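Listed below are the residues making up each chain.
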Amino acid sequence: MYKLGGTMRIIFNEVKKILNIKSIFVLCIISFVMYYMFISSEINLFPSRGDEEIYTIAKEMIKQKGNHLEDEDLGYLKNLELNFKKEADNYLKENEYAKELGADSYDKFQEFNSNLKGEVKKLDELSNNISFKEIEESLSKIRSMGYFIDNFENKDNNSYIESGAQKDRLTEINKTKVNNDILPWFIFDNYNSFIINTTLLVIVSIIFILGPIFTKDEVVNMEVLQYTTRRGRRLYKDKIAAVLISAFIMVTLELSILFTLFLTRQNTVELFYNSNINSCFKYGANWFDLTLIQYIILSIIIVYILAFALALIISYVSRKSHRYITFTGISLLIVIILSKIITSNTIMLGIGSIDIPRFLVFGFISAMVLIGVVSLEVRYKKEKLLDIF
């Protein structure tokens, strides 16, 4: 019991050394800068101006029909479009300028626009005319319904896929009808961008806050004193435990704050939590049948695993680095490499995207964990035999 208590006390003291006031201050600066550079736009500028109407209509559809549409609901979508066209007709019939142009109905208005194709000046005059601004909302709703109808009508089309495995997966999706769920593409893309940029923040925080734990001791030759004590050589694993605990605290704190901002913003996505990510209203299918909330949970778990693996790897680098400049150089290289991987087009497609190998993301995470565990074990064996003189 005393031995366990002594170990816990050492680990607790190491955690306090890592997460000291200076480190917390640096962490706050890193988080503040990266938030405003990469993350804030994903939270504050959602949905983008061109997607607002689709977002509003999608929410109303879920309130009326739930997250899942039936095949026969194509008629429901066309009725919505028809209602919006009637709304536009009513606006145009009452508009004097529309009457002068001979565009007093939606169909005539579309024909009028087509006749002006290429005449930029006249089109600008039309769009800037004050009497037409009030009908823009109705026209935007009609265009949005065109998006829903086109995607729903072509949801079973997989002719563009050549791979046998991909075709089989799309056939399975079409059979189970999970692609009938309502999930516009920009909601999924917005979350992917958010979690990728959040992961970048975690990577930078782990490397530059946790990394120096061994380098500090190397610089002042602290291990010479530590390793002459009875439990000095076991201190390596105690420090690794402290690093992992500190990583958990940091990641939890960062994710808690960022997800609170993300999930409680003005335009929330909670209505879409139970929508399948294989929805026909987003681009590309997925190898796995996950709802949006399950996808969010899975991505959070992956962030934690990546953080722990990186903490082990950077601890190994720190232990091997005898000078701060060496550690800083290697750390910057790791940040650049991981940033390139995380922000690559392949990863941006999302976890389990059908356009990439099924287990590519999981394979990358597994490789990171393997490297971290192996480096830990190799270094610990050397620690037990290390000659300090």
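Analysis parameters
Residues numbered from 1 in each chain as written. Predicted model: local features only at pLDDT ≥ 70, side-chain atom pairs only at ≥ 80, totals over all residues. Heavy atoms only, no water. Phe/Tyr/Trp six-rings, centres within 6.5 Å; stacked < 30°, edge-to-face > 60°. Helix = DSSP H or I, 4+ residues; strand = E, 2+ residues; numbered from the N terminus. Buried < 20%, exposed > 50% of the residue type's maximum accessible area, 1.4 Å probe, protein only. Lys NZ or Arg CZ within 6 Å of the ring centre and 35° of its normal. Axes fitted to C-alpha atoms, helices over the stretch in contact; angles between N-to-C directions. Left-handed = near helix turned anticlockwise from the far one by under 90°. Contact = heavy atoms within 4.5 Å. Nonpolar A, V, L, I, M, F, W, Y, C, P; charged D, E, K, R; others polar. pLDDT = per-residue confidence, 0-100. Parallel < 35°, antiparallel > 145°, perpendicular 65-115°, else oblique.

## Quick look at the packing of aromatic side chains
Working step 1: Within the structure shown, the criterion is met by 25 aromatic pairs.
Working step 2: Centroid distance Phe46 to Phe186: 6.1 Å. Interplanar angle 50 degrees. Geometry classified as tilted. Residue Phe46 is located in the loop between helix 2 (21–44) and helix 3 (52–65), and its partner Phe186 is located in helix 11 (residues 185–210); the two are separated by 140 residues in the primary sequence. By the burial criterion, Phe46 is buried, and Phe186 matches it.
Working step 3: Relative to Phe359, the ring of Phe288 has its centre 6.0 Å away and its plane inclined at 55 degrees; by these criteria the two rings are tilted. Here Phe288 is found in the loop between helix 14 (235–263) and helix 15 (292–320), whereas its partner Phe359 is found in the loop between helix 17 (345–348) and helix 18 (360–385), with 71 residues between them in sequence.
Working step 4: Within the aromatic cluster, the residues linked to one another by ring pairs are Phe46, Tyr55, Tyr147, Phe148, Phe152, Trp185, Phe186, Phe272, Phe281 and Tyr283.
Working step 5: If you follow Arg265 out to its NZ or CZ, it ends over the ring of Phe262, 4.1 Å from the centre.
Working step 6: Over the ring of Phe188 we find Lys282, and its NZ or CZ is 4.5 Å from the ring centre.

## With respect to the packing of helix 2 against helix 14
Working step 1: Between helix 2 and helix 14, whose axes approach to 12 Å, the crossing angle comes to 30 degrees. Here helix 2 and helix 14 pass one another in a crossing that is right-handed. Judged by residue contacts, Leu27, Ser31, Tyr35, Ile39, Glu42 and Ile43 of helix 2 engage Met250, Glu254, Leu258, Leu261 and Phe262 from helix 14.
Working step 2: The residue makeup of the contact of helix 2 with helix 14, split by class, is eight nonpolar, one polar and two charged.

## Some details on the confidence of the model for the protein chain
For residues with low pLDDT, the predicted coordinates do not support detailed interpretation.
Working step 1: Residues at a pLDDT of 70 or more form 83% of the protein chain, whose mean pLDDT is 83.
Working step 2: Mean pLDDT in the protein chain bottoms out at helix 7 (residues 120–128), which sits at 54, and peaks at helix 3, which reaches 94.

## What about the packing of helix 15 against helix 16 (residues 324–342)?
Working step 1: Relative orientation of the contacting elements helix 15 and helix 16 amounts to 155 degrees, with a least axis distance of 10 Å. The pairing of helix 15 with helix 16 is recorded here as roughly antiparallel in orientation. As helix 15 runs across helix 16, the sense of the crossing is right-handed. Contacts between helix 15 and helix 16 pair Leu306, Leu310, Ile314, Val317 and Ser318 from the former with Phe327, Ile330, Ser331, Ile334, Leu338 and Ile342 from the latter.
Working step 2: Considered class by class, the residues forming the contact of helix 15 with helix 16 number nine nonpolar, two polar and no charged.

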